[in-house]
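Each chain, written out:
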Amino acid sequence: MEGKIALVVGGTGLVGTSLLEQLVADERYAEIVSIGRSRPSIESPKITFVENDLSKPKSAAEYLFGDDLFICIGTTIKKAKTKEAFRFVDLTIPKKVAKHARKNNVKSIAVVSSVGAHPKSESFYLRMKGKMEEAVTAEAFRRTVILRPSLLMGNRQERRLAETIGRWLAPVTNLFLWGKKMRKYRAIKASEVAAAMIYHINLDVKGVDIIHYDQIKQAKQ
């Protein structure tokens, strides 16, 4: 049996970098196509890098042929500077990339969202994540995996003060987040999120799964 082809959008962030590293080590994948503005730090003969800032998502359509699509793209209001720019990165790009991939018969998709995501949330950030989830789900892939982590732990190249403080406090705050409703807000390692993406997208089941903290922690490659 030939190995699968993985498509990765957002391979330079915390989750994306770890995802590429794990995909390279995963014998189920023979080829990895990484699409983005910057070349990922992970290098391997398996990886083909396609330089595309996705300002016109349709321009990436010709590269979206494969088996499993992983979307790890995301930004912050501070970095995006405007709500419109944020909406484009966190909603429009995933929505259109998923649409083009589905037209190209890509079978499965795994996307990183956020705990608390809801299309009618009062929070603009969580509302955009919720709308993104809706858009991706509407494409009706054979398998759709939506991961909703809280604060991501890992060595991010760019400085985000709030996240840095959150990571320092995480070992303590996690101790107070107990019970089914609160555990999902625990901080989690980006590498564990990446591992859960690979694990859940490869389960031999159809339909949509929304994955929170406990399911991420329990995932095994």
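Residues numbered from 1 in each chain as written. Predicted model: local features only at pLDDT ≥ 70, side-chain atom pairs only at ≥ 80, totals over all residues. Heavy atoms only, no water.

Visitor: With reference to specific residues and values, describe the sheet that holds strand 4 (residues 68-71).
Guide: Spatially, seven strands are ordered 3-2-1-4-5-6-9 in an open sheet, and the strand pairing comes out parallel. In this open sheet, the two strands that pair with only one neighbour each are strand 3 (47-51) and strand 9 (207-211). Taking each pair of neighbouring strands and ignoring which way they run, the sheet shows an average axis angle of 15°. Relative to strand 5 (residues 108-112), strand 4 runs parallel, the two sharing four bridges. The partner of Ile71 across the bridge, within strand 5, is Val111. The sheet strands contacting helix 1 (residues 14-25) are strand 1 (4-9), strand 2 (29-36), strand 3, strand 4 and strand 5, and the helix crosses strand 2 at an angle near 160°. (Pairing = 2+ DSSP bridges. Helix = DSSP H or I, 4+ residues; strand = E, 2+ residues; numbered from the N terminus. Axes fitted to C-alpha atoms, helices over the stretch in contact; angles between N-to-C directions. Contact = heavy atoms within 4.5 Å.)

Visitor: Can you lay out the confidence of the model for the protein chain for me, pointing to particular residues and giving the numbers?
Guide: Residues shown with low pLDDT carry predicted positions that ought not to be read at fine detail. In the predicted model, the protein chain carries a mean pLDDT of 89, and 87% of its residues have values of at least 70. Note on residues 165-170: pLDDT under 50 across the span, and seven contacts to partners over four residues away in sequence or across chains. (pLDDT = per-residue confidence, 0-100.)

Visitor: Can you explain the packing of helix 3 (residues 83-103) against helix 4 (residues 124-138)? Please cite residues and give values.
Guide: As a packed pair, helix 3 and helix 4 sit with axes 9 Å apart at the nearest point and diverge in direction by 15°. Comparing their axes, helix 4 and helix 3 come out roughly parallel. Here the hand of the crossing between helix 3 and helix 4 comes out right-handed. Taken together, the residues of helix 4 that come into contact with helix 3 (itself represented by Lys83, Phe86, Arg87, Asp90, Leu91, Pro94, Lys95 and Ala98) are Phe124, Tyr125, Met128, Lys129, Lys131, Met132, Ala135 and Val136. (Parallel < 35°, antiparallel > 145°, perpendicular 65-115°, else oblique. Left-handed = near helix turned anticlockwise from the far one by under 90°.)

Visitor: Would you mind going over the packing of aromatic side chains in detail, with residue names and values included?
Guide: One pass over the structure, following the stated rule, counts three aromatic pairs. With 5.7 Å between their ring centres and 50° between their planes, Phe86 and Phe124 make a pair best called tilted. Residue Phe86 is found in helix 3, and its partner Phe124 is found in helix 4; the two are separated by 38 residues along the sequence. Residue classification places Phe86 among the buried positions, given a relative accessible area of 1%. Among the residues examined, Phe124 registers a relative accessible area of 10% and is labelled buried. (Phe/Tyr/Trp six-rings, centres within 6.5 Å; stacked < 30°, edge-to-face > 60°. Buried < 20%, exposed > 50% of the residue type's maximum accessible area, 1.4 Å probe, protein only.)

Visitor: Residue-level account of the side chain of Thr75, with values.
Guide: Examined against the element boundaries, Thr75 turns out to sit in the loop between strand 4 and helix 2 (77-80). Once residues within four sequence positions are removed from consideration, Thr75 is found in contact with Ala80, Phe86, Val89, Asp90 and Tyr125.

Visitor: Quick rundown of the nonpolar core? Include the residues and the values.
Guide: Grouped together as the largest cluster of nonpolar side chains are 30 residues, with contacts concentrated most on Val15, Leu19, Leu23, Phe70, Leu147, Val193 and Met197. Residue contributions to this core peak at seven residues, all from helix 7 (residues 190-201). Discounting chain neighbours no more than four positions away, the residues touching Leu147 are Ala110, Val111, Val112, Ser113, Ser114, Val193, Ala196, Met197, Ile211 and Ile216. (Core = buried A, V, L, I, M, F, W, Y, C linked by side-chain atoms within 4.5 Å.)

Visitor: Account for helix 3, naming residues and giving values.
Guide: For helix 3, which comprises 21 residues, the first-to-last C-alpha distance of 29 Å matches the rise-based estimate of 30 Å (1.5 Å per residue) to within 8%. In the structure, helix 3 departs most strongly from a straight axis at Thr92, where the bend amounts to approximately 35° and where the proline Pro94 lies between one and four residues downstream. When we look at burial in helix 3, the residues that qualify are Phe86, Val89, Asp90, Leu91, Thr92, Ile93, Pro94, Val97, Ala98, His100 and Ala101. Check the buried side of helix 3 and you find it contacts strand 1, strand 4, helix 2, strand 5 and helix 4. In the segment just after helix 3, Asn105 is the residue with positive phi, at about 70°. (Expected span 1.5 Å × (residues − 1). Bend = angle between axes of the 7 residues up to and from the residue.)

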